[in-house]
Amino acid sequence: MPAWENNIRKVVPYVPGEQPKGDSIIKLNTNENPYPPSPRVLAKSEEFEKLRLYPDPKAEVLVEALAKYHHVDSNQVFVGVGSDDVLAMSFMTFFNSDKEILFPDITYSFYDVWAELFNIPYKQIPVDKDFRIIKSDYFIPNGGIVIANPNAPTGIAEPLSFIEDIVKNNPDSIVIVDEAYVDFGGETSLPLVDKYDNVVVVRTFSKSRSMAGVRIGYAISNSKLIKYLNDVKYSYNSYTMNMPSLALGVESIADEEYFQAMIKKVVDTREWFVKEINKLGFTCPKSSTNFVFATHKSVPATDIFKAARENNIILRHFSNERINNYLRITIGTKEEMEKLVSFLKKYVG
Ligand code: PMP
């Protein structure tokens with residue numbers, strides 16, 4: 001073995017859901033929105049003529065649009081290449097202690113990957129038997145906390161008061177609240193940003209704004225923490241956001257009516273779908289997201305996963321022991337979900 005092997009940072013990477021080729025597939029495995037982005041976004045193609053130039057490193061147009069939308073100052077907004085980028089930067093910036101950072105054992109499976117990548121000590125705290133986070137478990141010395149609310153892949157949302165208790169009991173560390181799915185029914189922790197100095201709320205355009213392919217995420221916090229985040233970003237890569245993303249993000253924010261209408265369609269389909277699968281012997285925690293986390297009373301999840309795949313329907317299955325009898329099913333269009341229900345009727349019915 002060459003000596004340089006010892007100097008290499010070795011990581012077990014996060015494995016994203018499959019992105020299959022082909023049109024005949026019903027793709028319900030990566031929590032994308034089944035509807036297109038706002039027509040205003042699609043009409044903005046003139047931005048591509050400006051690609052010769054570097055984008056604005058401060059991403060000002062988008063930062064300002066987000067600040068206005070959320071009624072905060074523009075120095076309270078940080079934008080990045082999807083919330084994955086914002087979260088990775090946040091781990092790098094805020095989690096520099098020798099103490100362990102805390103997050104649930106069942107949550108977004110990128111958190112432990114970033115902790116490993118950045119050599120951050122961490123502790124995964126078990127959720128209870130119903131997959132609920134136990135907030136008092138987070139009232140211990142720590143180097144930071146990250147909570148997805150609503151949580152993934154369970155879909156469970158906790159109220160603002162729950163997150164506030166965690167924040168209040170941890171004045172010595174930064175609490176990151178990952179709100180990737182909040183628009184589908186969660187309660188936002190944004191009010192805590194004004195009340196406490198240690199809260200960072202992270203959002204994405206990938207789910208509720210139907211823009212996973214554009215890669216826009218952002219953080220809202222106080223100006224001090226946002227400055228620390230920007231200092232790390234400018235020490236790493238000044239031009240994270242490309243020119244079209246900035247313009248397309250602004251257009252999406254400008255079309256509130258379309259945004260609300262698409263969320264309503266997804267939520268209505270989710271409520272219909274849950275009733276249908278309950279009739280077939282599935283149960284799932286109450287979802288406040290654009291997916292459901294379902295298990296069947298008798299048919300193993302892996303069998304359903306494989307049979308669905310053979311029928312061109314892709315779902316998400318995780319091998320983690322606590323959840324390996326569950327499937328995470330993204331809410332597609334009503335037609336897609338009808339096809340899934342008729343497949344399930346035949347398969348488990
Ligand atoms: N947080 C959670 C909880 C997620 O499920 C995802 C989607 N994989 C992300 C963050 C990252 O999404 P994006 O980078 O597309 O904003």
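Every value quoted in this text rests on a predicted model; they were computed, and no experiment measured them. Each residue is numbered by its place in its chain's sequence as written, counting from 1. Thresholds applied to this predicted model are a pLDDT of at least 70 for local features of residues and 80 or more for the giving and counting of side-chain atom pairs; totals over whole chains, interfaces and linings are not thresholded and use all residues. Just so you know, side-chain values use all the structure's heavy atoms and leave hydrogens and water out.

## Description of the overall build of the chain
Helix and strand definitions here come from DSSP, where helices need a minimum of 4 consecutive H or I residues and strands a minimum of 2 consecutive E residues; each element is numbered from the N-terminal end. Broken down by element type, the chain carries eleven helices and 13 strands. Computed over its C-alpha atoms, the radius of gyration of the chain comes to 21 Å, within 12% of the 20 Å expected for a compact globule of 349 residues. C-alpha extents for the chain along the principal axes are approximately 55 × 55 × 50 Å. Expressed as a percentage of the 349 residues in the chain, the buried residues total 54%. In this treatment the radius of gyration is a C-alpha quantity, and the globule benchmark scales as 2.2 Å times the residue count to the 0.38 power. Each residue is assigned to one of three classes by its accessible area relative to the maximum for its type, calculated with a 1.4 Å probe on protein chains only: buried under 20%, partly exposed between the two thresholds, exposed over 50%.

## A closer look at the nonpolar core
Take the buried residues of types Ala, Val, Leu, Ile, Met, Phe, Trp, Tyr and Cys, join any two whose side-chain atoms come within 4.5 Å, and each joined set is a nonpolar core. One finds L62, L66, V77, V79, Y138 and F205 to be the most contacted residues of the largest nonpolar core, which totals 47 residues. Note on definitions: a residue-residue contact is assigned when non-hydrogen atoms from the two residues lie within 4.5 Å. The residues touching V77, leaving out its near neighbours within four places in the chain, are V63, L66, A67, V72, A219, I220 and I226. M262, I277, I304 and V348 belong to the second-largest nonpolar core, a separate cluster that totals 33 residues.

## Looking at the packing of aromatic side chains
When the centres of two rings from Phe, Tyr and Trp lie within 6.5 Å, Trp using its six-membered ring, the rings pair. Their planes under 30 degrees apart give stacked, over 60 give edge-to-face, and anything left gives tilted. Considering all chains together, one arrives at 19 aromatic pairs under this definition. A centroid spacing of 5.6 Å and a plane angle of 70° characterise the contact between Y14 and Y108, whose relative ring orientation is edge-to-face. Within this pair, whereas Y14 is found in the segment before β1 (26-27), its partner Y108 is found in the loop between β3 (101-104) and α4 (111-117), the two being separated by 94 residues in sequence. Considering the side-chain rings of F205 and Y218, the 5.9 Å spacing of their centres and the 80° angle between planes classify their relative orientation as edge-to-face. Here F205, found in the loop between β7 (199-204) and β8 (217-220), pairs with Y218, found in strand β8; they are 13 residues apart in sequence, far enough to count as distant.

## As for the sheet that holds strand β13 (residues 327-330)
When DSSP locates at least two bridges between a pair of strands, those strands are taken to pair. Taken together, the four strands give an open sheet; going across it, the order is β9-β10-β13-β12, and neighbouring strands pair in antiparallel fashion. At either end of the open sheet lies a strand with only one pairing partner, and these are β9 (282-283) and β12 (316-317). Bridge count for strand β10 (residues 291-296) against β13 is four bridges, and the pairing is antiparallel. When the sheet's bridge partners are listed, A294 is paired in β13 with L327. With respect to the sheet, helix α9 (residues 256-279) is in contact with β9, β10 and β13, its orientation differing from that of β10 by roughly 0°. Interaxial angles span 0 to 180 degrees and are taken between N-to-C directions of axes, which are lines fitted to C-alpha atoms, for helices over the stretch in contact.

## Some words on the site of the ligand
We call a residue near a molecule or strand when any one of its heavy atoms sits within 4 Å of it. Every residue near the ligand is listed here: G82, S83, D84, L87, Y108, D178, A180, Y181, T204, S206, K207 and R215. Contact distances for the ligand include 2.6 Å between an oxygen atom and a side-chain N or O atom of S83. In short, Shrake-Rupley with a 1.4 Å probe defines the accessible areas, and a residue's cover is counted only from the protein chains shown. Alone, the ligand offers 400 Å² of accessible surface; in the complex the protein occludes 91% of this. Sort the elements by how many residues they give to the shell around the ligand and helix α3 (residues 82-94) lands first, with four residues. Two N or O atoms count as a polar contact when they lie within 3.5 Å, although within protein this holds only if one can serve as hydrogen donor and the other as acceptor, and sequence-adjacent residues are included solely when both atoms are side-chain atoms.

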